[in-house]
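# Remarks on the overall topology
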Amino acid sequence: MKVKFPRWFYQLASPKWFYDISGKLLPWLIVVTVLLMIVGLTWGLVFAPEDYQQGNSFRIIYIHVPSAILAQSCYMLMAVAGAVGLIWKIKMAHIIAKCAAPIGASIAVMALATGAIWGKPTWGAWWVWDARLTSMLILFFLYVGVIALSSAFENKASADKASAVLALVGLVNIPIIKYSVEWWNTLHQPATFKVTEKPAMPSEMWIPLLIMVLGFYCFLAVILMARARTETLQREKRADWAKTVIENY
Amino acid sequence: MGYFASFADFLQMGKHGLYVWLSYGIFLTIIIYNSVTVIINKRLFFKNAKRQLRREQTNDS
């Protein structure tokens, strides 16, 4: 049986189409990202009340939780894009996977560093070898591994395949991060947002957090698109459309 | 000023000013780093690609 997808679905795989549409979308996404971040940061830093136990150090939540969520989402995106590229041999999927890796790595660093800084006043230690922290550190190393592997090959196609396979294998780590706070005894507090329940904190605390999470997602979209645009041109520079773009820049 | 009595209070963040501002500093650094590398990579690519294209065109004619 042959499955027929709508036209736009096939166009997703076309480098030229991606380049055109992302160029139109990008300015709007940048505006939305900046607005979300400004609102989220001012609300979280200036207007949200302090925590009755942790005082003002809890304000680190507005960058720690979004960066931790994003580091994992970005990893899943990278692995899924890699799989799509492996299975259907789609160029665009490999481009997205390759461009996601360094962004994800830097966001994982943000989650680890802000977590360490938050840990000091809250737990009395910068770092503990606890399940949540260790699995997040492994996530960072997986990103580094994918980046290293993809740059170790002279041939682009082999680099794409190898890093996609590594990204897929590393996917096991994602549920481990998620459930680490439930499976093991840990210092780390459980998830702030759950699908099934209302957050345990008052709304004037979690609404800015939600705004920051959305802002981080938009930020990822902006940087990923912008990176992927350059990477697309780089790989397609022999195509006529790419030559026209380069000439007219 | 919002939740805080004064701007000095805001900067001080109770006794956690150092931790809060250090975290937000790292956040800003990483956001800026990502944005700047994207722009630099793009400019570098166009510079090199343009030069290459011009060279090929002069070779053709």
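For the structure, check the block above.
Conventions and cut-offs
- Residues numbered from 1 in each chain as written.
- Chains lettered and ligands numbered in written order.
- Predicted model: local features only at pLDDT ≥ 70, side-chain atom pairs only at ≥ 80, totals over all residues.
- Heavy atoms only, no water.
- Axes fitted to C-alpha atoms, helices over the stretch in contact; angles between N-to-C directions.
- Helix = DSSP H or I, 4+ residues; strand = E, 2+ residues; numbered from the N terminus.
- Parallel < 35°, antiparallel > 145°, perpendicular 65-115°, else oblique.
- Left-handed = near helix turned anticlockwise from the far one by under 90°.
- Contact = heavy atoms within 4.5 Å.
- Nonpolar A, V, L, I, M, F, W, Y, C, P; charged D, E, K, R; others polar.
- Buried area = accessible area lost by both parts, 1.4 Å probe.
- Salt bridge = Lys/Arg side-chain N within 4 Å of Asp/Glu carboxyl O.
- Polar contact = N/O pair within 3.5 Å; in protein donor to acceptor, adjacent residues only side chain to side chain.
- Core = buried A, V, L, I, M, F, W, Y, C linked by side-chain atoms within 4.5 Å.
- Buried < 20%, exposed > 50% of the residue type's maximum accessible area, 1.4 Å probe, protein only.

## Details of the packing of helix α4 (residues 91-123) of chain A against helix α5 (residues 131-152) of chain A
Residue and element names in this part refer to chain A. Interhelical geometry of α4 versus α5 gives an angle of 155 degrees and a closest axis separation of 9 Å. Regarding the angle of α4 to α5, the classification is roughly antiparallel. Pair α4 / α5 crosses with left-handed handedness. Here K98, A101, P102, G104, A105, A108, V109, A111, L112 and W123 of α4 lie close against α5, whose contacting residues are L133, M136, L137, F140, Y143, V146, I147 and S150. Among the residues forming the contact of α4 with α5, the class breakdown is 15 nonpolar, two polar and one charged.

## A look at the interface of chain B and chain A
Between chain B and chain A, the contact holds 33 residues from the first and 43 residues from the second. When the two sides are added together, the surface that chain B and chain A hide from each other amounts to roughly 3,400 Å², 73% of it contributed by carbon and sulfur. Summed over the shared surface of chain B and chain A, the number is one salt bridge. For R238 of chain A, the salt bridge identified is with E56 of chain B, shortest N-O distance 3.3 Å. Scanning the region where chain B abuts chain A turns up eight residue pairs in polar contact (both at pLDDT 80 or more). Of the residues forming the side of chain B that touches chain A, the biggest block, 25 residues, is contributed by helix α2 (residues 17-60) of chain B. In terms of residue class, the side of chain B that touches chain A is made up of 19 nonpolar, 10 polar and four charged.

## Regarding the nonpolar core
A general tendency of soluble globular proteins is for nonpolar side chains to be buried together. Of all hydrophobic cores here, the largest spans 73 residues; its most connected members are Y62, Y75 and M78 of chain A together with F27 of chain B. When residues of this core are traced back to their parent elements, those giving at least two are α2 (15-47), α3 (61-88), α4, α5, α7 (173-183) and α8 (203-235) of chain A together with α2 of chain B. When residues in this core are grouped by element, the largest group, 16 residues, is from α4 of chain A. Ignoring any residue separated from it by four or fewer positions in sequence, one finds Y62 of chain A in contact with G44, A48, E204, M205, P208, L209 and M212 of chain A together with Y24 of chain B. Core analysis: the next-biggest nonpolar cluster, separate from the first, contains nine residues, A242 and I246 of chain A together with F46 and A49 of chain B among them.

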